[in-house]
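What follows is the residue order along each chain.
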Amino acid sequence: MRLLSLSLFLLFYFLLSSCDASSQHTNNWAVLVCSSRYWFNYRHMANALGMYRTVKRLGIPDSNIILMLADDAACNSRNKFAGSVYANPGRHLDLYGENIEVDYRGYEVTVENFLRLLTGRLSSSVPRSKRLLTDSSSNIFIYLTGHGGNEFLKFQDNEEVSAHDIADAFHQMYEGGRYNEIFFMVDTCQANSMYSKFYSPGILATGSSVVGENSYSHENDYDIGVAVIDSYTHYVLEYMEKVNKTSRLTMADLFTSYDVPKIGSHPGVRSDLFERPLGPGNPNHPMSEYGRGRGWTVEGGGEWMGREIEAGKNGRVLREALITDFFGGVVDVDVNNEDDAELRLFEDPECISTPKAPLSPLTDTYSSPPSSRSSSSLLNMLDTYPFLRPFLAFILLGALFVLVFSGMTSGRS
Amino acid sequence: EKFEEYLSIKSLRDGRVTSSFSFTTLLRDAIPRDPRTLAFDDDTSQHYTLFPLSLGQILRQYAITEMHLTLNAGKWNYDTWGYPDEPDVGVGAELRAWMAGDSISSIDERWQGVRNALAGLFCASLGSLDEQRTTSPRLSFPPEGALPDWGLPHELRHASHASEHVCTENLTPFLKLLPCKSLSGLATLLNPHRIFDADWHGIGLHVLWRPEGVEVRLNVQLVFDPLRISAQGKQDWSFHSLFDRKVEKACPVASSTRVSVELPNSGVYRVYPEPQEIRDGKAYYNLKNNNEAWNIGTMWPTDFEYRICHAALSSPDPALVPFSVTRNLLGPTQDRGQLSIVLTNNQQDTLQLLYLETMPWIVQFYLHTIRVHSDNVPRDDLISNISYVLPVPHARPATFESVLTLPGRSTLTFSMDVAKAFLRYTEHPPDAQRGWDLPPAIFTPLNQSLNGSMSLGSRVYTPSLLVDLATPDFSMPYNVIIFTCSVMAFIFGSVFNVLTRKFIVVRVRPDPPRNQSVSRTEKRLEDTDSDTSNELNTSKSGVH
């Protein structure tokens, strides 16, 4: 009896742990956004197209890629090489190619369309190729590039999207079961501020520069006449050239390939919302020592949010995050890992479909979700009744004046 | 089903080469869907082998009878290039569809649906062809095919977006509609790096109903400049020099793959390889599978002779089109201007033209200011049959159709005052300082046949215009906020100081003698009352 109960207990333990390990994705999507227009922002379009080519090479089909280009660089009348976009000065590789589908182009790349695309709130007339048809087992790679600043990104030199907007959109996606995991990469000035406001689970984020720092372009081409690629994206794409569809390189391998002197800015990583471990990474890189080293300033939180809990993530039960989890199509089902295969037999079907509850001790530390329970009901009322704000301001100002006047009159006596 | 490919190449007068690809798929015995069956969701199942499935689904879902979509870039120079093979050469995106329906709302709903579906299919921003750009011209666009007789009236919806860019992402889905894609047949020549470098390029989709069945015609028209592309500056062209490709093998499902090269009228030249058939001044090739790739071309032994337009030239070149047209928007201000059309009749006979203007509401016409002059003589009788649909601001463009009569060998000037709108702050595009592209005007010759009936000739499109509207200072909201906050802070500060600062008059007594220490403490006690006015008094001590 004892043995049975013990085995049952072990089974239950494995069941519970397999709940966490069963975050297996079944399809991959990519949303690649170039948010700036005009010819001198050629490099942003080259950034997005470089990512497009990499993502396609690693296996995500065109139907699962949403490419948003705010301007036309390839067939621009200023482009000496018609129909081509290059990302290096020697013009060795044409990123536009002959088989490309741009889903949102020109004036259609707006903040409203971007947020509607993410949350899925599109009108019924929007065609299928412009929708993000993800489900709760989709891994999404979201890449933003353009001009930005502290907690904002400029769209078309006309409007801005803030980090709060994107965080709220991601939370809507989480509550709607629209993603399994999100990998968020942003290459703008002060990019790390863009992911500082996320509060939904399952998001791994990386940016190109810390708050107060610019991201720089990499190289100019003298025949095209403008800068052709940004530094951070260039080095990321260079690293991704080593990755193919079956590689087992982990996300930490990508992050520990960041070379701050070469990139010219301090890239950052945020992994506190991400349950799975990032992997060992390159042992020579200071990041793998969890803290110290050349280039990575780590005092006061530094550029790796979630570094402290990284050591605590269980690498055996939770699979490591591979680069191909986000960048590639799901091509091979790994049955070599016997533990996983055993656990699969006893999977509780209910366990897979329910969205994972947020791991509360982790999220509270960094940014708390705006819930109706917290803070005060006054703030809530202010939101629901918009006339209250000026009314209260008027009352308070009047009270101030009354006090001042009464104080004056009493002071005279 | 039948699939045919046809390429026609012509050398133009100024050394350029125009090529027109045409891929036609005929779905035999098919009829467009009756819109009354749209209420029932299920449709009779459609089986296609060569007909493109994605396009067929769109046509069935919105019950479209006839549809024409073109995506063009460049200015078609009628005077030196003549008429194009496919007449729809308006710049940007142009979409028109004939739909049957018993209510306007159902037609408009299906129009919106088909626009967005085609926007998704062709990666073009056709979704912006909304009611602010849609018109229904009555006469200028007769249906090219037949309209089925269901007892329902057919209506035309036409919309154009002159600032639409065309690039490889529009060509990719276009090629995917072909049965052989771009792997074999004439479509292998469609190299985007050369197409989008051409002086003029356009891709078009035409769906119409013939009694034999539904026909889908995909066409690509290009105007290349071999004098610019070639290293030696010669007029010679070949598949390899123009497209950087050769036709390796013919499409296996094509019933015919033909190429026709129009033989130039004069000069010594050689067309290679040997044409299989020469008829009516054209050399015909039937591309069947050969051992080597097909590389058709023409070469001239001598360099190109640039023609000099000299009035004293004995035989000026005969005009390629019967009339020439230029359209301009005159006026230096940003609130009003003048639309001016200058038409020249190149032939001896009187010419009647149907003039269509689908102007967005941002430019409003004053019809009472129409002035028509023929060779500088005011002739108001030369304009007739004016049909005008008023523009509704923020909702509907203006549709202006009229018949202009040009006497032989004369120049007609048409001018009309226009007012430019002042847009709302949110209606400006992100690059507002560029201006707005106005769609081209369309001129259709009316041919009077012998028995008195009118028929329409080949359409002529003018280039688009750019109108510069008054743009606000987009930084003004920031300036207003900063200014208002400064004023508020200034007012608040002043009022606060007035209310809380107390000014007290302090009487300063003369210095007491040294032996009176008591009065010094008294002075100190008095001074503590008016601490703040000490600074004021230090300046007055001298006066005292």
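Residues numbered from 1 in each chain as written. Chains lettered and ligands numbered in written order. Predicted model: local features only at pLDDT ≥ 70, side-chain atom pairs only at ≥ 80, totals over all residues. Heavy atoms only, no water.

Chemist: Any chance you could explain the overall build of chain A here in plain terms?
Modeler: Helix and strand counts for chain A stand at 14 helices and 13 strands. Residues counted as buried form 51% of the 413 residues belonging to chain A. Counting contacts in chain A only where the partners sit at least 6 residues apart, residues at least 24 apart contribute 74% of the total. Looking at chain A as shown, the accessible area adds up to about 19500 Å², and 57% of this sits on carbon and sulfur atoms. (Helix = DSSP H or I, 4+ residues; strand = E, 2+ residues; numbered from the N terminus. Buried < 20%, exposed > 50% of the residue type's maximum accessible area, 1.4 Å probe, protein only. Contact = heavy atoms within 4.5 Å. Areas by Shrake-Rupley, 256 points an atom, 1.4 Å probe, with all protein chains shown as cover.)

Chemist: What's the story with the overall build of chain B in this structure? I'm lost.
Modeler: Along the backbone of chain B there are ten helices and 28 strands. Projected onto its principal axes, the C-alpha positions of chain B cover 140 × 70 × 55 Å. Across the 544 residues in chain B, those meeting the buried criterion constitute 48%. A separation of at least 24 residues holds for 72% of the contacts in chain B among residues at least 6 apart in sequence. For chain B, the accessible area works out to roughly 27000 Å², and carbon and sulfur atoms hold 53% of it.

Chemist: Can you help me understand the interface of chain A and chain B in this one?
Modeler: When the parts come together, some accessible area is lost, and that loss is often what is quoted as the size of the interface. Facing 30 residues of chain A, the contacting portion of chain B comprises 29 residues. Summing both partners gives a buried area of about 2600 Å² for chain A against chain B, and 56% of it is carried by carbon and sulfur. Contact with chain B buries area across many residues of chain A, yet Glu98, Arg105 and Tyr107 of chain A alone supply 24% of it, more than any other trio. Here chain A and chain B share five salt bridges between them. Between Arg105 of chain A and Glu164 of chain B there is a salt bridge whose closest N-O contact spans 2.6 Å. Joining chain A to chain B, the criterion identifies 19 residue pairs in polar contact (both at pLDDT 80 or more). Looking at the side of chain A that touches chain B element by element, the count peaks at five residues for helix H14 (residues 388-412) of chain A. (Buried area = accessible area lost by both parts, 1.4 Å probe. Salt bridge = Lys/Arg side-chain N within 4 Å of Asp/Glu carboxyl O. Polar contact = N/O pair within 3.5 Å; in protein donor to acceptor, adjacent residues only side chain to side chain.)

Chemist: Explain the UniProt feature "active site" (unreviewed entry) in chain A here, please?
Modeler: Residues and elements named next belong to chain A. The sites that carry the UniProt feature "active site" (unreviewed entry) are, in the present numbering, His147 and Cys189. What stands out for the annotated residues spanning 43 residues is how close their C-alpha atoms remain, the widest pair being 6.5 Å apart. With residues up to four places along the chain from it excluded, the contact list for His147 reads Ser36, Asn41, Arg43, His44, Leu153, Lys154 and Thr188. A polar side-chain atom of His147 sits 2.8 Å from a polar atom in the side chain of Asn41. Here Cys189 is to be found in the loop between strand S8 (181-187) and strand S9 (203-207). (UniProt positions renumbered as here; feature names shortened; annotations may be inferred.)

Chemist: It is not clear to me how the environment of Ile386 of chain B should be interpreted in this structure. Could you clarify?
Modeler: Residue and element names in this part refer to chain B. As for its position among the elements, Ile386 is in strand S21 (residues 383-389). Of the residues examined, Ile386 reaches a relative accessible area of 43% and is grouped as partly exposed. For the pair formed by Ile386 and Phe400, sequence separation is 14 residues and the distance between their alpha carbons is 7.2 Å. Those residues in contact with Ile386 that lie beyond four places of it in its chain are Ile370, Phe400, Glu401 and Ser402.

Chemist: Before we go on, may I ask you to explain the state of the cysteines in this structure?
Modeler: When the sulfur atoms of two cysteines share a covalent bond, that bond is a disulfide. Residues and elements named next belong to chain B. With the rule as written, the count across this model stands at two disulfides over all chains. Paired by a disulfide, Cys180 and Cys251 hold their sulfur atoms 1.7 Å apart. Given an S-S torsion of about 75 degrees, the disulfide between Cys180 and Cys251 has right-handed geometry. Of this pair, Cys180 sits in the loop between helix H4 (168-176) and helix H5 (192-195) while Cys251 is found in the loop between helix H7 (239-243) and strand S10 (256-262), placing the two residues 71 residues apart along the sequence. The class of Cys180 is buried, set by a relative accessible area of 12%. (Disulfide = S-S within 2.5 Å.)

Chemist: Would you explain helix H5 (residues 231-240) of chain A in this entry?
Modeler: For an α-helix the count is 3.6 residues per turn, leaving residues at separations of three or four pointing the same way. Summarising burial for H5 of chain A: nine of the ten residues are buried, a large majority. When we look at burial in H5 of chain A, the residues that qualify are Ser231, Tyr232, Thr233, His234, Tyr235, Val236, Leu237, Tyr239 and Met240 of chain A.

Chemist: Looking at this model, I keep getting lost on the UniProt feature "transmembrane region" (unreviewed entry) in chain A. Mind explaining?
Modeler: UniProt records the feature "transmembrane region" (unreviewed entry) for residues 387-408 of chain A in the present numbering. Overall, residues 387-408 of chain A shows 95% helix and 0% strand. The separation of its end C-alpha atoms is 32 Å.

Chemist: Mind showing me how you'd approach the packing of helix H1 (residues 53-61) of chain B against helix H3 (residues 104-122) of chain B here?
Modeler: Helix-helix packing is described using two parameters, namely the angle between the two axes and the distance between the axes. Residues and elements named next belong to chain B. Viewed as axis vectors pointing N to C, H1 and H3 meet at an angle of 170 degrees, and their least axial separation amounts to 10 Å. When the interaxial angle is binned, H1 and H3 end up roughly antiparallel. Facing Ser54, Leu55 and Ile58 of H1, the residues of H3 in contact are Val114, Ala117, Leu118 and Leu121. (Axes fitted to C-alpha atoms, helices over the stretch in contact; angles between N-to-C directions. Parallel < 35°, antiparallel > 145°, perpendicular 65-115°, else oblique.)

Chemist: Please clarify how unusual backbone geometry should be interpreted in this entry.
Modeler: Negative phi values dominate among residues other than glycine, just as trans dominates among peptide bonds. Here the bond from Tyr272 of chain B into Pro273 of chain B is cis, since omega is -10 degrees, no more than 30 degrees from zero. On the secondary structure map, Pro273 of chain B appears in the loop between strand S11 (270-272) and strand S12 (277-279). For Tyr38 of chain A, which is not glycine, the phi dihedral falls at a positive 85 degrees. Relative to the elements of secondary structure, Tyr38 of chain A occurs in the loop between strand S1 (27-34) and helix H2 (42-57). Backbone geometry at Asp157 of chain A places phi at a positive 60 degrees, although glycine is not the residue there.

Chemist: Sorry, what's going on with the pattern of salt bridges here?
Modeler: As a working rule, side chains carrying opposite charge can pair if their charged atoms are close by. Residues and elements named next belong to chain B. Counted under the stated rule, the structure contains 38 salt bridges over all chains. In this structure, the salt-bridge partner of Arg36 is Asp34, at a minimum N-O distance of 2.9 Å. Judged by relative accessible area, which is 42%, Arg36 ranks as partly exposed. Owing to a relative accessible area of 16%, Asp34 belongs among the buried residues under this scheme. Each of Asp14, Arg16, Asp197, Asp199, Asp225 and Arg228 takes part in salt bridges that share partners, so that together they form one network.

Chemist: Could you clarify how one ought to interpret the pairing of S9 of chain A in this entry?
Modeler: Residues in a regular strand point their side chains to alternate faces of the sheet. All names here are of chain A. For S9, a buried count of five out of five residues is recorded, marking the element as mostly surrounded by other parts of the structure. Side chains of S9 alternate between two faces, with Ile203, Ala205 and Gly207 and Leu204 and Thr206 buried alike. Taken together, the five bridges between S8 and S9 define a ladder with parallel strand orientation. Its bridge partner being in S9, Met185 is matched across the sheet by Thr206. (Pairing = 2+ DSSP bridges.)

Chemist: Help me understand the side chain of Asp88 of chain B in this model?
Modeler: In this fold, Asp88 of chain B is placed in the loop between helix H2 (78-81) and strand S4 (92-100). Polar contacts involving the side chain of Asp88 of chain B include one to the side chain of Tyr461 of chain B, which spans 3.1 Å.

Chemist: I keep staring at the sheet that holds S11 of chain B and nothing clicks. Help me out?
Modeler: The strands that make up a sheet pair up through hydrogen bonds in the backbone, lying either parallel or antiparallel. With respect to topology, three strands assemble into an open sheet ordered S9-S14-S11 (chain B), the strand pairing being antiparallel. Two strands lie at the open edges of the sheet, namely strand S9 (237-238) and S11 of chain B, each paired on one side alone.

Chemist: What should I look at first to understand a nonpolar patch on the surface in this one?
Modeler: Residues and elements named next belong to chain A. A surface patch of nonpolar side chains, about 690 Å² in accessible area, is lined by Met381, Tyr385, Phe387, Phe391, Phe394 and Ile395. Top element by residues in the nonpolar patch is H14. It accounts for three residues. Positionally, Phe387 belongs in the loop between helix H13 (377-384) and H14. Owing to a relative accessible area of 55%, Phe387 belongs among the exposed residues under this scheme. (Patch = residues over 30% accessible without salt bridge, like charges linked within 9 Å, V, L, I, M, F, W, Y side chains within 5 Å.)

Chemist: Would you explain the packing of aromatic side chains in this entry?
Modeler: The description of two aromatic rings rests on the distance between their centres and on the angle between their planes. All names here are of chain A. Evaluated as defined, the whole model comprises 37 aromatic pairs over all chains. Between the aromatic rings of Phe184 and Phe198, the centroid separation amounts to 5.0 Å while the plane-to-plane angle is 80 degrees, which identifies the pairing as edge-to-face. In this pair, Phe184 sits in strand S8 while Phe198 sits in the loop between S8 and S9, placing the two residues 14 residues apart along the sequence. Phe198 gets classed as buried once you look at its relative accessible area, which sits at 1%. Arranged with centres 5.5 Å apart and planes meeting at 55 degrees, the rings of Tyr232 and Tyr258 form a pair that is tilted. Of this pair, Tyr232 sits in helix H5 while Tyr258 sits in the loop between helix H6 (251-255) and helix H7 (260-263); the two residues are 26 residues apart in sequence, bridging distant segments of the chain. (Phe/Tyr/Trp six-rings, centres within 6.5 Å; stacked < 30°, edge-to-face > 60°.)

Chemist: I would appreciate a short explanation of the confidence of the model for chain A in the present structure.
Modeler: Any region with low pLDDT has predicted coordinates that should not be read closely. Per-residue confidence for chain A gives a mean pLDDT of 79, with 75% of residues at or over 70. With pLDDT under 50 throughout, residues 12-22 of chain A is counted as low confidence; its partners more than four residues away or in other chains account for 15 contacts. (pLDDT = per-residue confidence, 0-100.)

Chemist: Teacher, can you tell me more about the environment of Asp157 of chain A here?
Modeler: Residue and element names in this part refer to chain A. You can see Asp157 is positioned in the loop between strand S6 (152-155) and strand S7 (159-162). Classification of Asp157 as partly exposed rests on a relative accessible area of 46%. In this structure the side chain of Asp157 is engaged in a polar contact, spanning 2.9 Å, whose partner is the side chain of Lys154.

Chemist: Looking at this structure, how should I read the packing of H2 of chain A against H5 of chain A?
Modeler: Residues and elements named next belong to chain A. Look at H2 against H5: their axes get within 10 Å of each other, and the N-to-C directions meet at 15 degrees. As far as their axial angle goes, H5 and H2 are roughly parallel. In this structure, the crossing between H2 and H5 has a hand that is left-handed. The segment H2 lies against H5, with Asn47, Gly50, Met51, Thr54 and Arg57 engaging Thr233, Val236, Leu237 and Met240. (Left-handed = near helix turned anticlockwise from the far one by under 90°.)

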